[in-house]
Amino acid sequence: MTQKEQIEKTIAFVKDTLVDAEGGHDWFHTLRVYNNSLLISNKEDVDSFIVSLGALLHDIADSKFTNGDETIGPKLAREFLTSIQVEKNVMEHVILIIENISYGGGNETQKFKSPELDVIQDADRLDALGAIGIARTFNYGGFKNRALYNPDIQPNLNMSKEEYKKSTAPTLNHFYEKLLLLKDRMNTKTGQQIAANRHEFMVQYLEQFYAEWEGEK
C-alpha cells in the first residue's frame, strides 16, 4: 500500500470515527488541523507523511470525551495504523505525537519533542484561536452546560493537569487559562505569524464582550 493510499484510508477512518463528535472536536476540526499542518510544513524540514498521519489522528479519541482516559486515542491509532501496515518507526512517532500534543493546562513538561509534533501542535493551537477558536470555545462550554461568564469566578493560571481537566469554570475563563497564552507558545515562525493575527481578534472580541456585559454598547 502506498503512502497516498494509507493517508486516504486514514481520512476515511477518522471521518467515520468522529461522525457524532462534539462540534469543536469533530472531523472538520481535524481537517482544519490537517490543512494547517500541511501549510506550515511547507516551510519546515519535516517528514510530511508523519505530519499527515499525526494531524489526522491527533484527536481520534480526545480524553475530554473518554472520562479523562488518555490511553484510548493512542491505542485506537495504533490498531488502525497496524491494520493499514504503516511502518513501525512511523507508527511509533505518530503515537508519541498523539500522546504529547495536548495543552493540558500549560504547566506540564512535554515529554517528547520533534519537528513534526511542533508543526501539528501549532496547527492544533491555531484552531483554538481567532473566530473559529471563539466559536469552538463557546460550543464546548454549551456542551458542558457551563456559564458564559461569572465575574466572581477568576481564571486560575496555575492549574495542574488534573485540575485543568476537571475544571467547570465559566467559558470566558478559558480565554485566560489557555487561548490568550497560545500566541507565545507557538513552535514555528509560520505558526507565530498566524497566531498573532488571531490573538488580536480575540482581544478585540473580549473588549466588545465586556462592554456589552456592562451595557456600554
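Let me begin by describing the structure that accompanies this report. The numbering scheme is per chain: residues are counted from 1 as the chain's sequence reads. Two thresholds apply to this predicted model, a pLDDT of at least 70 for residue-level local features and 80 or more for giving and counting side-chain atom pairs, whereas whole-chain, interface and lining totals are computed over all residues. Calculated side-chain values reflect all of the structure's heavy atoms, with hydrogen atoms and water omitted.

Here the focus is the pattern of salt bridges. Between Lys or Arg on one side and Asp or Glu on the other, a salt bridge is scored when a side-chain nitrogen of the former is within 4 Å of a carboxyl oxygen of the latter. Under the defined criterion, the tally for this structure stands at six salt bridges. Each of Arg32, Asp127 and Arg136 takes part in a single network of salt bridges with overlapping partners.

Val14, Leu53, Leu57, Leu81, Val94 and Phe175 are the most contacted members of the largest nonpolar core, which has 54 residues in total. Breaking this core down by element, the ones donating at least two residues are helix H1 (3–17), helix H2 (27–41), helix H3 (48–57), helix H4 (72–83), helix H5 (88–100), helix H6 (115–126), helix H7 (130–143) and helix H10 (189–213). Considering each element in turn, this core owes the most residues, seven residues, to H3. The criterion used for residue contact is that any of the two residues' heavy atoms lie within 4.5 Å. The residues contacting Leu57, other than those within four sequence positions of it, are Thr10, Phe13, Val14, Ala77, Phe80, Leu81, Val94 and Ile98. To qualify as a nonpolar core, a set must consist of buried Ala, Val, Leu, Ile, Met, Phe, Trp, Tyr and Cys residues joined through side-chain atoms within 4.5 Å. For each residue, the accessible area found with a 1.4 Å probe, counting protein chains only, is set against the maximum for its type, and the residue is called buried under 20%, exposed over 50%, and partly exposed in between. For helices the rule is a DSSP run of H or I covering at least 4 residues; for strands it is a run of E covering at least 2, with both sets numbered from the N terminus onward.

On to the packing of H5 against H6. Helix axes use the C-alpha atoms of the stretch in contact, all axes being lines fitted to C-alpha atoms, and the angles between their N-to-C directions lie in the range 0 to 180 degrees. In the contact formed by H5 and H6, the axes pass within 10 Å of each other and the chain directions differ by 45°. Put simply, H5 runs oblique to H6. Of the two elements, H5 crosses H6, and the hand of that crossing is right-handed. The segment H5 lies against H6, with His93, Ile97 and Asn100 engaging Glu116, Leu117, Ile120 and Gln121. Just so you know how the angles are binned, under 35 degrees is roughly parallel, over 145 roughly antiparallel, 65 to 115 roughly perpendicular, and the rest oblique. Throughout, a crossing is termed right-handed when the near helix is turned clockwise from the far one, and left-handed when it is turned anticlockwise from it by less than a right angle.

Side-chain rings of Phe, Tyr and Trp (the six-membered ring for Trp) are treated as a pair once their centres are within 6.5 Å; stacked means planes under 30 degrees apart, edge-to-face means over 60, and tilted covers the remaining angles. According to the stated counting rule, one finds 11 aromatic pairs in the structure shown. For the pair Tyr140 and Phe143, a centre-to-centre distance of 6.2 Å together with 25° between the ring planes defines the contact as stacked. Of the two residues, Tyr140 and Phe143 both sit in helix H7, three residues apart, roughly one turn of that helix. Looking at Tyr140, the relative accessible area reads 12%, which means it is buried. Ring centres 6.2 Å apart and planes at 15° place the aromatic pair Phe175 and Tyr205 in the stacked group. In this pair, Phe175 is assigned in helix H9 (residues 173–177) and Tyr205 in helix H10, connecting sequence segments 30 residues apart. A relative accessible area of 26% means that Tyr205 is categorised as partly exposed.

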